[in-house]
Amino acid sequence: MNQRLEQKRFWILVIIVSISGFSQGMLMPLISVIFEQDGVASSLNGLNATGLYVGTLLISPFIEQPLRKFGYKPIILVGGAIVFTSLLLFPLWKNVLFWFILRLLIGIGDHSLHYSTQTWITSTSPQHRLGKNIAIYGLSFGTGFAVGPLLVPLTKISEAFPFILSSLLCLLAWSLVFFLKNEKPEPIQTKSVGENILKRYAVTLKFAWIGCLPALCYGFLESSLNSLFPVYALRNHFEVSMVSIILAAFSIGGIITQIPLGTLGDKIGRRKIVLSSLLGGAIFFGIGSIIESYEILVAASFLFAGMFCGSLFSLGISYMSDLTPRELLPTGNLMCSIFFSFGSLSGPLLGGLYLQYVHNYSFLLLVSIILFVVFAISLIFGRQSNKQIL
């Protein structure tokens, strides 16, 4: 009976994350295309896209204590409510500043939702199934994220329709949380760490900073590809529908390999899989920068790049869990989210400046270089699980 309840909880969390992925996957390219067609500068377009991640960073220092005090369920409910309400408000007023504020609120809500579901899963999954469970979690988000961009062409019918549809789907998923029994994270036994937030962050980073780098890298990929690649592609005369297909190809690649890579990480070690994923992604984005005159070949390179690095976030979470003591897992998950947010912030900012000032080299070359740099750092400093008693 207990196992049945655990499975019910797991799959409800998976559904919630998939709808959240759908709304995020739709939101970034949708707003980028709308702004580009309205003549908004690429640097301002990219800056606006950072609203989501500014919101994530703003709420990050304040989210762990409420989670430990109130449990997972209330945080998910509050976060989900913020998300579907904000999505519903987009069509009311098309204004760059107003949309930035809404994106900031969605960042706050999404981070609350993801942090709670992610920590709940990592804290309750048995070690031999951790990689697979987190892979399913990542797969659900990736599936939603892959479908999201396909709604962008619906703006030809009505600019408001994609926003309203995603809001209603988020509301439906949110309602499932009421069927879950609330739980709280494992309490911290070491008082000196538990009472001092900064020390807890420092100790957790000492254990798991290398496991947070894949999340940083994935954040950069997700935000730069979905918010600025459409701008770059449209300037290079790609069809809007083809841009949606190319972005979906990356997510589909991640979907294909998410569970196999997670399961393989359980068997041979997650560090090896993380290194292979980073290097493979760097290679295929590099190839994409060479063949970008051919839209179909670019889509193929995105597909193969997604097969390698579309699982980076979930692989990073499970790698971090290998390195971090169980009582510090909520802090470790928070660190991964913060690294993800920094990566997501750097994507639109660096990408927007790159598009504005670099005209002789492909945008995909920047993506390839970032992946290779993170690969090199992980290769030099990474290690397998090495938990110690606090």
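Sequence order as written defines the numbering, with residues in each chain counted from 1. Totals for whole chains, interfaces and linings use all residues, but because this is a predicted model, local features are given only for residues with pLDDT of at least 70 and pairs of side-chain atoms are given and counted only at 80 or more. Note: side-chain values were computed over all heavy atoms of the structure, leaving out hydrogens and water.

### Concerning empty space enclosed by the protein
Note the threshold: Residues are said to line a cavity or pocket when one of their atoms sits within 4 Å of a point; the points come from a 1 Å grid over protein atoms alone, cavities being sets where a 1.4 Å probe fits but cannot get out and pockets being open sets with protein on both sides within 12 Å along at least five of seven lines. Grid points are joined across faces, edges and corners, and a volume is the space filled by probe spheres set on the points. Helix numbering and strand numbering both begin at the N terminus, where a helix is a DSSP run of H or I of at least 4 residues and a strand a DSSP run of E of at least 2. As a working rule, the residues Ala, Val, Leu, Ile, Met, Phe, Trp, Tyr, Cys and Pro are called nonpolar, Asp, Glu, Lys and Arg charged, and the rest polar, with Gly in that last group.
All chains considered together, the criterion is met by five cavities of 30 Å³ or more. In this model, the largest cavity occupies a volume close to 350 Å³. Taken together, 29 residues line the largest cavity, and the ones lying closest to its centre are His114, Phe141, Glu222, Phe313 and Phe340. Looking at the lining of the largest cavity, the elements with two or more residues in it are α3 (51-70), α5 (96-124), α6 (130-147), α9 (197-227), α11 (240-268), α14 (312-323) and α15 (329-357). Looking at the lining of the largest cavity, its residues break down into eleven nonpolar, 16 polar and two charged.

### Here's the deal with the packing of aromatic side chains
Heads up, the condition is: Centres within 6.5 Å make a pair out of two Phe, Tyr or Trp rings, where for Trp the six-membered ring is used; the pair is then stacked when the planes are under 30 degrees apart, edge-to-face when over 60, and tilted otherwise. When a residue's accessible area, from a 1.4 Å probe over protein chains only, is under 20% of the maximum for its type it is buried; when over 50% it is exposed; and in between it is partly exposed.
Across all of its chains, the model carries 23 aromatic pairs by this definition. When the centroid spacing of 5.8 Å and the interplanar angle of 40 degrees are considered together, the rings of Phe372 and Phe375 count as tilted. Of this pair, Phe372 and Phe375 are both found in helix α16 (residues 363-381), three residues apart, which corresponds to roughly one turn of the helix. Assessed through its relative accessible area of 45%, Phe372 is described here as partly exposed. According to the relative accessible area criterion, Phe375 is buried, its value standing at 12%. One aromatic cluster is present, built from ring pairs that chain together Phe229, Tyr232, Phe238, Phe250, Phe285, Phe302, Tyr354 and Phe363.

### Some remarks on the layout of surface pockets
Gaps left between atoms are located by rolling a probe of water-molecule size over the structure's atoms. Size it by volume and the largest pocket reaches roughly 300 Å³. Lining the largest pocket are 14 residues; nearest its centre among them are Glu6, Gln7, Phe10, Arg129 and Asn133. The set of elements that each furnish at least two residues to the lining of the largest pocket consists of α1 (2-37) and α5. Broken down by element, the lining of the largest pocket gets its largest block of residues, seven residues, from α1.

### Regarding the pattern of salt bridges
Stated precisely, the cut-off is as follows: Each reported salt bridge corresponds to a side-chain nitrogen of Lys or Arg within 4 Å of a carboxyl oxygen of Asp or Glu.
Inspection of every chain in the model, using the stated rule, returns six salt bridges. Across the salt bridge formed by Arg9 and Glu183, the nearest N and O atoms sit 2.8 Å from each other. In this pair, Arg9 sits in helix α1 while Glu183 sits in the loop between α7 (161-175) and α8 (191-195), placing the two residues 174 residues apart along the sequence. What you see here is one network of salt bridges that share partners, running through Glu64, Arg68 and Arg200.

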